[in-house]
Structure formats: C-alpha cells, structure tokens
Amino acid sequence: MDGKRHDLEMHTVHYPPETKNGFIAAAMGIIFSVEDYTADLSKAEEMVIDTFFDSLKWGDMTEEGPTVDIVTYGNLMEMVDNKNRWIYKGSVTTPPCATAVYWNVLSTIYPVKQKHLDLFKKQLDRGEDGKLDELGNWREIQEINGQDVIYLQNIIKEDDPDKGLLAGIIVLGIISLILIFTSLFLCMKIKKLTTTNV
C-alpha cells in the first residue's frame, strides 16, 4: 500500500454457489503491521485481534499442523472499518490466479503482535522447506491493465462525536437562510404597503 509492503495481509475469499454478476468470488483483504498500523483502537478492540490470531493456533508445530475448532472471524469482521476501502475486479492471489474476483481491501492498517507474526512465519516456513525468507510469500505487484480501482470513503464515522455538531450546524444554516429570506420578503411587503398608502 502506497509502495510499502506491510507485515501481514490476510485474505478471505468467499465463493458463492454460482457466479453472480460476473464474479466467481468476493475477497476481503485486511492489512496488519507490528509497528506501522493506522487503526486507533481501544484495548477491547485490540483484544478482538489478539483473540482471533490466538484462535488460529499457529503455535501448533505438529506434523499435521494446527487444527482449529472455533475461529473468532465474525468478531474481527464486526470490529474492522469496512467503510473505507478499495474495491476492484481482480484475481485470486494463488495459482491458477482465477480472475473475476470482487476485491475489497480495507485502507485501515491494524496492529498485530510480533508473537503472532512470528508464529505465522514459522508455519509458512514449513511449507517452503525453510526458505521463506528467500522465496517470500507474496505475489508480485500486478499492472492495473485498465481495471478501475475505486476508493470508498465514509466521510462521517458512525461513532464520530462531531457528527451531531455537523448536523446541527447544517440545520442552523438552513434555518438562518429561511429567516433571512422571510425577513427580506416581509421588508419588501412592508415597503410596498407603505409606498401605496402614502
């Protein structure tokens, strides 16, 4: 994002039973960083992220790998800001890189604990025969190739304390305009009455 590769980008891909509106799938991208995150979270919200990553059991280094009973994905998705994001028609990031995927990539960067990032890298390294640092785990940046990338932005956040103030200012402005026009109309009417009575 903006020329920087962050520590972790999580993709979840949702495949409908049949193609809809020309899309074979919808994908959500959430970016995480140990130090360079932009999210301003409460301790409770940070706990939602920690609980999510803990639930993945990446510390299980058995031959079978992690077996997960419950993942708190729903809690994570309820907490993230999905109103400020990029959307575009792209492809799946793994071979065969099927196209016609409706992508949503959130613009807010969320914190991830170093321990969770380290455990994730250890799990990945197992699949790369210990060469994760050499091979990497990312797809090269792709050309836009005429695709539209649209940024959706929520101008007023739902929990914005200034939202009520802004609405109040707009209402007062409208009332002021009505009063000004009414006063002008009445002044003109009085002047007309005064002129005709003289």
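Residues numbered from 1 in each chain as written. Predicted model: local features only at pLDDT ≥ 70, side-chain atom pairs only at ≥ 80, totals over all residues. Heavy atoms only, no water.

### A closer look at helix H1 (residues 43–55)
For an α-helix, 3.6 residues make a turn, and residues three or four places apart therefore share a direction. Compared with an ideal rise of 1.5 Å per residue, which puts 13 residues at 18 Å, H1 spans 18 Å between its outermost C-alpha atoms and is within 8% of the ideal. If you follow the buried residues of H1, they end up packed against strand S1 (8–14), strand S2 (25–33), helix H2 (73–79), strand S4 (99–111) and helix H3 (114–127). Within two residues after H1, Lys-57 carries a phi angle of roughly 55°, on the positive side. (Helix = DSSP H or I, 4+ residues; strand = E, 2+ residues; numbered from the N terminus. Expected span 1.5 Å × (residues − 1). Contact = heavy atoms within 4.5 Å.)

### With respect to the pattern of salt bridges
Using the criterion set out here, one finds 2 salt bridges in the structure. Notably, a salt bridge pairs Asp-36 with Lys-4, separated by 3.1 Å at the nearest N-O pair. Remark: Lys-4 occurs in the segment before S1 and Asp-36 occurs in the loop between S2 and H1; sequence separation between them is 32 residues. Using a relative accessible area of 38% as the deciding quantity, one classes Lys-4 as partly exposed. Lys-113 serves as the salt-bridge partner of Asp-50, at 3.0 Å between the closest nitrogen and oxygen. Here Asp-50 is found in helix H1, whereas its partner Lys-113 is found in the loop between S4 and H3, with 63 residues between them in sequence. Given a relative accessible area of 19%, Asp-50 falls into the buried group. For Lys-113, a relative accessible area of 36% puts it in the partly exposed group. (Salt bridge = Lys/Arg side-chain N within 4 Å of Asp/Glu carboxyl O. Buried < 20%, exposed > 50% of the residue type's maximum accessible area, 1.4 Å probe, protein only.)

### Quick word on the pairing of strand S3 (residues 85–91)
Of the strand pairs in this sheet, S3 and S4 are connected by 7 bridges, and their pairing is antiparallel. When the bridges of S4 are listed, Arg-85 appears paired with Leu-106. Sheet topology note: the S3/strand S5 (residues 149–152) ladder contains 4 bridges and is antiparallel. Among the inter-strand pairings, Trp-86 is bridged to a residue of S5, identified as Tyr-151. (Pairing = 2+ DSSP bridges.)

### Things to note about the packing of aromatic side chains
A complete count under the given rule lists 9 aromatic pairs for this structure. Note on Trp-86 and Tyr-151: the rings are 5.1 Å apart at their centroids and 55° apart in plane angle, and the pair reads as tilted. Taken as a pair, Trp-86 in strand S3 and Tyr-151 in strand S5 lie far apart in primary sequence, 65 residues in all. Taking the relative accessible area as the measure of exposure, Trp-86 reaches 25% and is therefore partly exposed. When the centroid spacing of 6.2 Å and the interplanar angle of 10° are considered together, the rings of Tyr-88 and Trp-103 count as stacked. You can see Tyr-88 sitting in strand S3 and its partner Trp-103 sitting in strand S4, a full 15 residues away along the chain. (Phe/Tyr/Trp six-rings, centres within 6.5 Å; stacked < 30°, edge-to-face > 60°.)

### Side note on the side chain of Asn-104
Assignment of secondary structure puts Asn-104 in strand S4. Among the residues examined, Asn-104 registers a relative accessible area of 8% and is labelled buried. In this view, Asn-104 contacts Ala-27, Met-28, Gly-29, Arg-85, Trp-86 and Ile-87; residues no more than four positions away in its chain are not counted.

### Some words on the sheet that holds S5
Spatially, the 5 strands line up as an open sheet ordered S1-S2-S4-S3-S5, and their pairing is mixed. The open sheet has two free edges, formed respectively by S1 and S5, since each of these has just one partner strand. On average, each strand axis in the sheet is tilted by 25° relative to the strand beside it, whichever way the strands run. As judged from the 7 bridges shared by S1 and S2, these two strands associate in the antiparallel manner. Counterpart to Val-13 in the pairing with S2 is Ala-27. (Axes fitted to C-alpha atoms, helices over the stretch in contact; angles between N-to-C directions.)

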